[in-house]
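The residues making up each chain are set out below.
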Amino acid sequence: MESIVQEILDLVKKKIVEQAAFDRDAYKELVEETIEYFKEKGKLTNDDNDEFIEDQLMAMWEEVEDWMAKK
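All of these numbers come straight from a predicted model, not from anything done at the bench.

Novice: So, the nonpolar core: which residues are in play, and what are the values?
Specialist: Core analysis: the biggest nonpolar cluster contains 21 residues, and Ile8, Tyr27, Ile53 and Leu57 have the highest contact counts within it. For leucine 57, the contacting residues outside a window of four places in its chain are Val5, Ile8, Leu9, Tyr27, Val31 and Ile35.

Novice: I'd love a proper account of the pattern of salt bridges, names of residues and values included.
Specialist: For the structure shown, the criterion picks out six salt bridges. Note that glutamate 54 and lysine 28 form a salt bridge whose closest N and O atoms lie 2.7 Å from each other. Here lysine 28 lies in helix H2 (residues 24-40) and glutamate 54 lies in helix H3 (residues 50-59), a separation of 26 residues in the sequence. Judged by relative accessible area, lysine 28 falls into the partly exposed class, the value being 30%. Lysine 39 is paired through a salt bridge with aspartate 50; the nearest N and O atoms lie 2.7 Å apart. One end of the pair, lysine 39, is in helix H2; the other, aspartate 50, is in helix H3, and eleven residues separate them in sequence.

Conventions and cut-offs
- Residues numbered from 1 in each chain as written.
- Predicted model: local features only at pLDDT ≥ 70, side-chain atom pairs only at ≥ 80, totals over all residues.
- Heavy atoms only, no water.
- Core = buried A, V, L, I, M, F, W, Y, C linked by side-chain atoms within 4.5 Å.
- Buried < 20%, exposed > 50% of the residue type's maximum accessible area, 1.4 Å probe, protein only.
- Contact = heavy atoms within 4.5 Å.
- Salt bridge = Lys/Arg side-chain N within 4 Å of Asp/Glu carboxyl O.
- Helix = DSSP H or I, 4+ residues; strand = E, 2+ residues; numbered from the N terminus.

Keep in mind these values describe shape, not function.
Here it is as structure tokens:
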């Protein structure tokens, strides 16, 4: 589960830069969008706990905020 969370986070970070989405609401939207994308691609299934994954990613907001500040 940890590796999939990291994969999603990496893609979210890429989207943050591409879309200049620098606030928490935009981050949440990108997290939700990316989880859906991973489901469409078959990397996540209905057996995966999307809510848990989203919660983990949202808990990383401060880390992402620090990362953005360094960009």
